[in-house]
Amino acid sequence: MTRIRSILLTVFATFFVVCSFSSPALSADPTEELRPTLDGIMAIITNQTFAGDEQKALRRSKIMDIAHRGFDFSMMSKLVLGRTWKTIDAQQRKLFEELFTKLLENAYIGKLEDYTGQVTKYTGERVKGKKAEVSTLMENNGLTLPVNYIMIDNGAGWKVYDIKIEGVRLLRNYRAQFKSIVKKEKFEGLVQVLEEKNAEFSNESTM
Amino acid sequence: MKFSSSLPALCLLLVFVFAGCAKQDSRTASNLAEDEILAEHVQDDIDLLLDDAFDDWDDNDDEDISYPDPLEPMNRFFFVFNDKLYYWVLKPVNTVYTAIIPFDFRVVIGNFVNNLSAPVRLLNNLLQGKFADSGVVLSRFLINSTLGIAGLGDPAFVEFGLTPKPEDFGQTLAVWGVGEGVYLCWPVIGPSNVRDTFGFAGDVYSHPMVYYVDDFSVSAGYYVGSRVNLLSLNPDVYEDLKKYSLDPYVSMRQLYLDYRRHKIGDQVVLQKSDNSL
């Protein structure tokens, strides 16, 4: 009996040691990594100290600090440009990443700021290799919107790289637009359009 | 609105021919362009990532993620036309409409309009072999027409939890294997494709309105009225699209493609009411 017990103990101990040595990315699950990001962003949006137009810059920088931990913006920049990414140099890539991240901030965070009473419910999760899709239901004043987050395990944990609502994917939509612009006006033209769009957002008032 | 009895058959025949041809043409053209690009760029890490992510992100081949759009110049013309129509006519009309008619009453109007088109949904559920859903559509119609007072209320959902099962003839054609064909942006009607254009015609033809009132202007007026009401319940949809996109035309095309494919694939669309866009 004691023999069996000691064997079991050894097995458990080994199991524990192995588990604790394995990478954190392997054990963490996508929903649990997404939750603090969304909660953190909502906490700032609903926080009255950061409300209003005059607080916009401060509020946005706080939100983006959290977003940078939960979203993989450089992956998104690569994916959204597709083949064009290969044709531009490091400096252009850096510029594009900045502009596109700013656009996502304006579009996604800007839209979230309209929804001040929202609750997010996590309804499902699919994992396939290094990719995952987390399904959520966003409820805001009686309206329910299914928002799915597409995530990738980039080595530093699960990061969001696309958002899907009713089959419509944010990144794919921008990808189609960018492709059309690059085709006609080259990369330089795209940069110009991005700069104009971001300027449009910074001129408008929110909330 | 008079239709000859052979119209549905003609429509069907045309849709098969047209969609088939259109698809083939665009394939050969874009395949040539595709080969050129592939010759220059070997598949790289980006493509690998885009590949095979989740079933619907198989856009290693660019053709998969965008519509064949050989009629882009014409479509863009009508897109601009619709845009002007929106800002000059639809939006002012909607502003007045929204101011005069209270929200609750607009929901009631929406319910009535949706209930009246139940036969279209029933027909298409049946044509797609969805018998359980057909039963739900029929139950909803019977409950809402009686308890809901001629469809003004939606007790079928509120009291019985029966969710709408929206199916249209465009989806039926897709289920039957008809290809999308090229993208089309129609004046007034908006984004569509060859298949959905015939689908739209089929829906109009199977709508009870056409049989009740034998007058085109009444049917057209009914259509425009129902669209204004739908807009009044979802006022931000178009303006958000314009606000967040860099090329609204392409954005709408992509949105239409993804949304229609999503609906055809019958992935769970969370829709509590027919009144949402």
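Report on the accompanying structure. Residue positions are given per chain, counting from 1 as you read along its sequence in written order. Labels follow written order: the first chain is A, the first ligand is 1, and so on. With pLDDT at 70 or above as the cut-off, local features in this predicted model cover only qualifying residues; side-chain atom pairs require 80 or more to be listed or tallied, and sums for whole chains, interfaces and linings still use all residues. To get the side-chain values, take all heavy atoms of the structure and skip hydrogens and water.

**So, the packing of aromatic side chains**
Definition in use: The criterion for an aromatic pair is that two Phe, Tyr or Trp rings (for Trp, the six-membered ring) have centres within 6.5 Å, with stacked assigned to planes under 30 degrees apart, edge-to-face to planes over 60 apart and tilted to the rest. Only protein chains enter the calculation, and the probe is 1.4 Å; a residue is then buried if its accessible area is under 20% of its type maximum, exposed if over 50%, and partly exposed in between. As a reminder, the over-ring test applies to NZ of lysine and CZ of arginine, requiring each to be within 6 Å of the ring centre and within 35 degrees of the ring normal.
Counted by the stated rule, this structure contains 17 aromatic pairs over all chains. Relative to Phe73(A), the ring of Phe71(A) lies with its centre 5.8 Å away and its plane at 10 degrees, an arrangement referred to as stacked. The residues Phe71(A) and Phe73(A) share a single accessibility class, namely buried. Ring plane angle 70 degrees and centroid distance 5.5 Å describe the contact between Phe77(B) and Phe78(B), whose orientation is recorded as edge-to-face. Of the aromatic side chains, those joined through ring pairs into one cluster are Phe96(A), Phe100(A), Tyr174(A), Phe178(A) and Phe187(A). Looking at Arg35(A), its charged tip hangs above the ring of Tyr122(A), at a distance of 4.4 Å from the centre.

**Details of a nonpolar patch on the surface**
Going by this rule: Here the term patch refers to residues with relative accessible area over 30% and no salt bridge, with like charges joined within 9 Å and nonpolar side chains (Val, Leu, Ile, Met, Phe, Trp, Tyr) within 5 Å. For accessible areas, the Shrake-Rupley method is used with a probe of radius 1.4 Å. Any residue's cover is judged against the shown protein chains and nothing else. Should a side-chain nitrogen of Lys or Arg be within 4 Å of a carboxyl oxygen of Asp or Glu, the pair is scored as a salt bridge.
A surface patch of nonpolar side chains, about 400 Å² in accessible area, is lined by Phe81(B), Trp186(B), Val188(B), Ile189(B) and Phe200(B). Its relative accessible area of 31% is what places Phe200(B) among the partly exposed residues.

**Here we look at the sheet that holds strand S3 (residues 143-153) of chain A**
Residues and elements named next belong to chain A. Spelled out, the test is: Between any two strands, at least two bridges found by DSSP are needed for them to pair. Each helix corresponds to a stretch of at least 4 residues labelled H or I by DSSP, and each strand to a stretch of at least 2 residues labelled E; elements are numbered beginning at the N terminus. Note on definitions: a residue-residue contact is assigned when non-hydrogen atoms from the two residues lie within 4.5 Å. Only the stretch in contact is used when a helix axis is fitted, and all axes are lines through C-alpha atoms; the angle between N-to-C directions ranges over 0 to 180 degrees.
With antiparallel pairing, five strands are arranged side by side in an open sheet as S1-S2-S3-S4-S5. Among the strands making up the open sheet, the edge pair consists of strand S1 (118-128) and strand S5 (168-169). Looking at chain direction, S3 and strand S4 (residues 158-165) are connected through seven bridges and run antiparallel. Along S4, the bridge assignment pairs Asp-153 with Trp-158. Of the strands in this sheet, S1, strand S2 (131-140), S3 and S4 touch helix H3 (residues 30-46), which is tilted by about 155 degrees from S1.

**Side note on the side chain of His207(B)**
Among the structural elements, His207(B) can be located in the loop between helix H9 (194-205) and helix H10 (208-212). Once residues lying within four places of it in the same chain are set aside, the contact partners of His207(B) are Leu116(B), Ser117(B), Val120(B) and Tyr222(B).

**A short note on the pairing of S2(A)**
Residue and element names in this part refer to chain A. Extensive coverage of S2 is indicated by the burial of eight of its 10 residues. By the bridge criterion, 10 bridges tie S1 to S2 in an arrangement that is antiparallel. Bridge pairing links Val-127 to Ala-132 in S2. The loop that links S1 with its antiparallel partner S2 comprises two residues; one of these, Gly-129, has a positive phi angle of about 60 degrees. Taken together, the 10 bridges between S2 and S3 define a ladder with antiparallel strand orientation.

**Considering the pattern of salt bridges**
One pass over the full model with this rule turns up 25 salt bridges over all chains. Close ionic contact of Arg59(A) with Glu113(A) constitutes a salt bridge, the shortest N to O distance being 2.9 Å. Residue Arg59(A) is located in helix H4 (residues 56-70), and its partner Glu113(A) is located in the loop between helix H7 (90-112) and S1; the two are separated by 54 residues in the primary sequence. Each of the two residues, Arg59(A) as well as Glu113(A), counts as buried. Taken together, the shared-partner salt bridges connect Lys184(A), Asp69(B), Glu72(B), Arg76(B), Asp247(B) and Arg253(B) into one network.

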